[in-house]
Amino acid sequence: MSQACDILVVGGGAVGLSAASRLARRRAGRVVLLEKSFFGAGGSGKSAGLLFQHDGVPVAAAMARGGLRFYAHLHESLGSPPVFTRAGMVLIVRESDRAALDANLAAQREAGVDVRPIGGQELTEIDANARLAEDELAVFEADAGCVDPVQVLTGLAESARRHGADLRQGVEVQGLDVEKGKVVGVQTNEGPYTCGAVVLATGPWTPRLLKPYKTALAVEVRRTQAAFFRRPIDGGRRTVVTIDFAQGLYFRPASADGLQVGPLSAAETKEPINPDEYNEAADGDWLPGVRQRLSRRFPGLHRSYGRGGYGALQVVTPDGLPILDRLPGLDGVYGAVGFAGRSILMAPAAGEVVAELVIDGKAATLDLTPLRAARFGEGDGAKNNGLPYGTIAN
Ligand SMILES: Cc1cc2nc3c(=O)[nH]c(=O)nc-3n(C[C@H](O)[C@H](O)[C@H](O)COP(=O)(O)OP(=O)(O)OC[C@H]3O[C@@H](n4cnc5c(N)ncnc54)[C@H](O)[C@@H]3O)c2cc1C
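Residues numbered from 1 in each chain as written. Predicted model: local features only at pLDDT ≥ 70, side-chain atom pairs only at ≥ 80, totals over all residues.

**Focus: the domain arrangement of the chain**
Argument step 1. Splitting the chain by domain gives domain 1 (3-46 + 150-218 + 319-382) and domain 2 (88-144 + 220-314).
Argument step 2. Computed over C-alpha atoms, the centres of domain 1 and domain 2 are 30 Å apart.
Argument step 3. A class-by-class count of the residues in the side of domain 1 that touches domain 2 yields four nonpolar, three polar and one charged. (Domains from an automatic or database assignment. Nonpolar A, V, L, I, M, F, W, Y, C, P; charged D, E, K, R; others polar.)

**So, the site of the ligand**
Argument step 1. Near the ligand lie 39 residues; those nearest to it are G11, G13, G42, S47 and G203.
Argument step 2. Elements supplying a minimum of two residues to the shell around the ligand: helix 1 (14-25), strand 3 (31-35), strand 15 (220-230), strand 19 (305-316) and helix 8 (343-360).
Argument step 3. Classifying every residue of the shell around the ligand by side-chain character gives 17 nonpolar, 17 polar and five charged.
Argument step 4. Summarising the domain contributions, the shell around the ligand has at least three residues from each of domain 1 (3-46 + 150-218 + 319-382) and domain 2 (88-144 + 220-314). (Near = placed C-beta within 6 Å. Helix = DSSP H or I, 4+ residues; strand = E, 2+ residues; numbered from the N terminus.)

**Focus on unusual backbone geometry**
It is generally the case that most residues other than glycine have a negative phi and that most peptide bonds are trans.
Argument step 1. Phi at K214 is positive, roughly 55 degrees, even though this residue is not glycine.
Argument step 2. Assignment of secondary structure puts K214 in the loop between helix 6 (206-210) and strand 15.

**Overview of the sheet that holds strand 4 (residues 50-51)**
Within a sheet, neighbouring strands are paired by backbone hydrogen bonds and run either parallel or antiparallel to one another.
Argument step 1. Taken in spatial order, the three strands line up as 4-9-5 in an open sheet, and their pairing is antiparallel. At either end of the open sheet lies a strand with only one pairing partner, and these are strand 4 and strand 5 (84-85).
Argument step 2. Where strand 4 lies against strand 9 (residues 145-147), two bridges are found, and the strand directions are antiparallel. Residue pairing across strands places L50 opposite C146, the latter belonging to strand 9. (Pairing = 2+ DSSP bridges.)

**Topic: helix 2 (residues 58-78)**
Argument step 1. Counted at 1.5 Å a residue, the expected span for helix 2 with its 21 residues is 30 Å, and the 30 Å between its end C-alpha atoms agrees.
Argument step 2. Where helix 2 bends most, the angle comes to about 40 degrees, and this point is A72.
Argument step 3. Taken together, the buried positions of helix 2 are V59, A60, M63, A64, G66, G67, L68, F70, Y71 and L74.
Argument step 4. Of the surrounding secondary structure, the elements contacted by the buried residues of helix 2 are strand 4, strand 5, strand 9, helix 5 (149-162) and helix 8.
Argument step 5. Once helix 2 finishes, G79 follows within two positions and takes phi at roughly 65 degrees, a positive value. (Expected span 1.5 Å × (residues − 1). Bend = angle between axes of the 7 residues up to and from the residue. Buried ≥ 20, exposed ≤ 12 C-beta atoms within 10 Å, placed from the backbone. Contact = placed C-beta atoms within 7 Å.)

**What to know about the sheet that holds strand 13 (residues 191-194)**
Argument step 1. Ordered by their spatial adjacency, four strands build an open sheet running 1-13-12-11, and the pairing between neighbours is mixed. Single-partner strands in this sheet number two, and they are strand 1 (3-4) and strand 11 (173-179).
Argument step 2. Note: strand 12 (residues 182-188) against strand 13, four bridges, orientation antiparallel. When the bridges of strand 13 are listed, T188 appears paired with G191.

Dropping the structure here:
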């Protein structure tokens, strides 16, 4: 026998949980979320959790602002310890990227973001180990920081449940039931569900789920990696988040004496990636290069203790921005995918606009035109994203 609901969210990552919470809050019917494994089993549970507002695309910057605001206050509504650490962020680019950096800074200042250029001396005052080369530029964003992704997922799930969403783990959506071009339900390992709308927040599994329906989205699944180090004995304590575009790496404090390091863009591969079977360990031949680049930016940390790393998946679009839209040719199906390395950050705003799209028929809080599914076929997708600094990937 089929189970009934009004709105079905597929995927229990940050985006799906946020969407379920926002949808349930609107009280527009019964909201059920189905997660095939466990919350955060995709990219969300492995996220670095960096939160910053630096972006030259207005819609992305607005989503980032919304995310920071949301996480800074999440603990108040939950009555839990704070999830957000306002560590501040240093962003470093090459001198050749000065024009792009200036444009982004101007946009940030206009939006009221506390951000300022800093020189090498001020950088060492902020982080005693950090060094800036002569052909590099740095800025400091004071309100940026980081979250623990698992705490975020816990908070989002708690919030969704409080608003009345029914969250189910271990239930896999195996196909959509479509009648005359409109979705009427889904098939799962537990049997069918009927519903009036389906939100796909299925991360790396999205292409596979959509394959039978001729609704291809311009998304690519890529593998990325992260490395862990423990600071050396004289290596100081936790400091700021560093987004190092000159070297293509981020650095974030992890626990009191630890550091997490990873690439700013996931590696391209020739072979399609199977999200159920990929290498979850860090590549042995990748780690030494990370240590070299860590030592170049923070010479005092060259004796850090290596603690291995992990492999993980991200979903990217050609312009680095997510797709937030109803899906062409599948009436009643909405897609929220392709957030690359910023879905924890953007999940709160994404959840809100998904609720508006599904319940009101259009988004009110954001202009979603730059995030429409069809933009790549129309040529817009060729435009660069709001972080146009050349990076050395992986
Ligand atoms: C190493 C790394 C670092 C990152 N750093 C940052 C960062 O600093 N800041 C930031 O904001 N973001 C960051 N991200 C990005 C981010 O965490 C993930 O890309 C993101 O969380 C994806 O969220 P999602 O909800 O879209 O998808 P996912 O988290 O991938 O969730 C999709 C879920 O859908 C479920 N699912 C799939 N198909 C089905 C189905 N058919 N039926 C039921 N369930 C299904 C999966 O099991 C999975 O749990 C990082 C990611 C990685 C991997």
